[in-house]
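# Breakdown of the fold
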Amino acid sequence: MTILMLKTLMSFAISVTLINLAMAASYTVGGPNGGWDTTTSLQTWASSQSFSVGDSLIFQYAPNHDVLEVSKADYDSCQASTAIQSYNGGTTTIPLSSPGNRYFICGTMGHCSQGMKVGIDTLASSAAPPASSPSAEPPASLVKPLVPTPAPESTSASSPTQAPETNPTMLPTSPSDLPLDGPASSSIIPSTESTRTSSTGSSTEPASSSAHKGSFLVNILMGFSFIMVMLKA
C-alpha cells in the first residue's frame, strides 16, 4: 500500500512538472519592438506582461551593455557596485524559479539613470489541483439517514360550550302606575304568561299596543264618570 502511494505521488509530481514546463513562457526583455537598451521603455513593457514561476527572461544586448541583478534599494539608486548577480555576453537567459520581485539594471555608467532598468513581479504558479473522482462516495458514517417527518395531527376546533342564557327578570309593575279603582283595573296588568321566556331564549311580545291604549282610555273615562257622579251627589 505504501509503495502504491509513493508511485501515485511521484506520478502526480511529474505530471505537475510537465504541465508547468508546457505552460512556461520565455519573454525577450523589451520585445518585440525593443530590447535591453536605453531607448526602450522597459518598465512599461514589464507592466504589460504577466510573469509566473517557470517563465524565463531573455536579455539580448550589445557588447557595451551588461545585466546586473540588484536589490530594491540599489535599483532605486542605480547602484551597481553591490550586485547580487552579473551577466554579460550579449544574450542572457534568467529563469524565474520563485515568486516575488526581482530587479535588473545595466552596469554601464549612466545607462541605469537613462532608463535601462526593469523590475519583474513573478506570480506563483496557478496549477489547479486534480479533480476528485465522480464515483467517490462519502463514508457511510457521514451519510445522515433520512427520517420521515410525521404528518401534523389534524386538530378539530371544538366549539366552546355556550353558557345558558338567563331569562330576563320581569320587574313588578309599580303600584303607582295602576288605577286606584275600577272594574277594568286588572286588564292593564300584563299577563305573566305573555312575558315568559320562550324555549329559544327570546321573550314573546305581550299584547298589542293598540289594545293597551284602548283599555287605558276606557279606564280613564270610567274613572272620570265616577268622579262626576260623586260630585253631583
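Look up: the structure comes first, before these words.
Let us look at the structure shown here. This one's a predicted model, so the numbers in the text were calculated from it and none came from an experiment.

Cut-offs and rules
- Residues numbered from 1 in each chain as written.
- Predicted model: local features only at pLDDT ≥ 70, side-chain atom pairs only at ≥ 80, totals over all residues.
- Heavy atoms only, no water.
- Buried < 20%, exposed > 50% of the residue type's maximum accessible area, 1.4 Å probe, protein only.
- Helix = DSSP H or I, 4+ residues; strand = E, 2+ residues; numbered from the N terminus.
- Pairing = 2+ DSSP bridges.
- Patch = residues over 30% accessible without salt bridge, like charges linked within 9 Å, V, L, I, M, F, W, Y side chains within 5 Å.
- Areas by Shrake-Rupley, 256 points an atom, 1.4 Å probe, with all protein chains shown as cover.
- Salt bridge = Lys/Arg side-chain N within 4 Å of Asp/Glu carboxyl O.
- Core = buried A, V, L, I, M, F, W, Y, C linked by side-chain atoms within 4.5 Å.
- Disulfide = S-S within 2.5 Å.
- Axes fitted to C-alpha atoms, helices over the stretch in contact; angles between N-to-C directions.
- Lys, Arg positive; Asp, Glu negative; His and termini not counted.
- Polar contact = N/O pair within 3.5 Å; in protein donor to acceptor, adjacent residues only side chain to side chain.

## Description of the pairing of strand 8 (residues 117–123)
For strand 8, the tally of buried residues reaches 5 of 7 residues, placing the bulk of the element in the interior. Sheet topology note: the strand 7 (residues 100–105)/strand 8 ladder contains 6 bridges and is antiparallel. Its bridge partner lying in strand 8, tyrosine 103 is registered against glycine 119.

## Side note on a nonpolar patch on the surface
Judged by side-chain polarity, Phe224, Phe226, Ile227, Met228, Met230 and Leu231 come together as a nonpolar surface patch covering roughly 670 Å² of accessible area. Positionally, isoleucine 227 belongs in helix 4 (residues 209–232).

## Remarks on the nonpolar core
One finds Trp36, Leu57, Phe59, Phe104 and Ile120 to be the most contacted residues of the largest nonpolar core, which totals 18 residues. By residue number, the principal contributor to this core is helix 2 (residues 42–47), which donates 3 residues. By size, the runner-up hydrophobic cluster in this structure holds 6 residues, among which are Leu68, Val70, Ile105 and Cys112.

## Details of the state of the cysteines
This structure, assessed with the given rule, holds 1 disulfide. There is a disulfide in this structure between cysteine 78 and cysteine 112, and the S-S distance comes to 2.2 Å. Every disulfide takes its handedness from the sign of the S-S torsion; for cysteine 78 and cysteine 112 that torsion is -70°, giving left-handed. A residue pair is termed long-range when its members are at least 10 positions apart, and cysteine 78 in the loop between helix 3 (72–77) and strand 5 (85–87) and cysteine 112 in the loop between strand 7 and strand 8 qualify at 34 residues. The exposure class of cysteine 78 is partly exposed, given its relative accessible area of 26%. Take cysteine 106: it sits in no disulfide, and the sulfur closest to it among the cysteines is that of cysteine 112, at 8.3 Å. Since its relative accessible area comes to 2%, cysteine 106 is described here as buried.

## Describing the pairing of strand 6 (residues 91–95)
Sheet faces and side chains relate simply in a regular strand, where the side chains alternate between the two faces. Only one face of strand 6 is buried, namely the one carrying Thr92 and Ile94, since none of Thr91, Thr93 and Pro95 on the opposite face is buried. Summarising the sheet, strand 3 (residues 56–60) and strand 6 pair through 5 bridges and their orientation is antiparallel. From the neighbouring strand, serine 56 faces strand 6, where its bridge partner is proline 95.

## Comments concerning the sheet that holds strand 1 (residues 26–28)
The strand order across the open sheet formed by 3 strands is 1-3-6, and the pairing between neighbours is mixed. The open sheet has two free edges, formed respectively by strand 1 and strand 6, since each of these has just one partner strand. In this sheet, adjacent strand axes meet at a mean angle of 20° when their direction is disregarded.

## Structural notes on the sheet that holds strand 2 (residues 51–52)
If you walk across this open sheet you meet the 5 strands as 2-8-7-4-5, and the pairing is mixed. Of all strands in the sheet, those bounded by a partner on one side alone are strand 2 and strand 5. One ladder, built from 3 bridges, connects strand 4 (residues 67–70) with strand 5; its direction is antiparallel. For valine 67, the partnering residue across the bridge sits in strand 5 and is tyrosine 87.

## A few points about the side chain of aspartate 55
Within the secondary structure, aspartate 55 is located in the loop between strand 2 and strand 3. Although aspartate 55 lies buried, it forms no salt bridge, and the closest oppositely charged side chain, arginine 102, sits 11 Å away as judged by the N-O distance. Only 2.8 Å separates the side chain of aspartate 55 from the backbone nitrogen of alanine 25, close enough to count as a polar contact.

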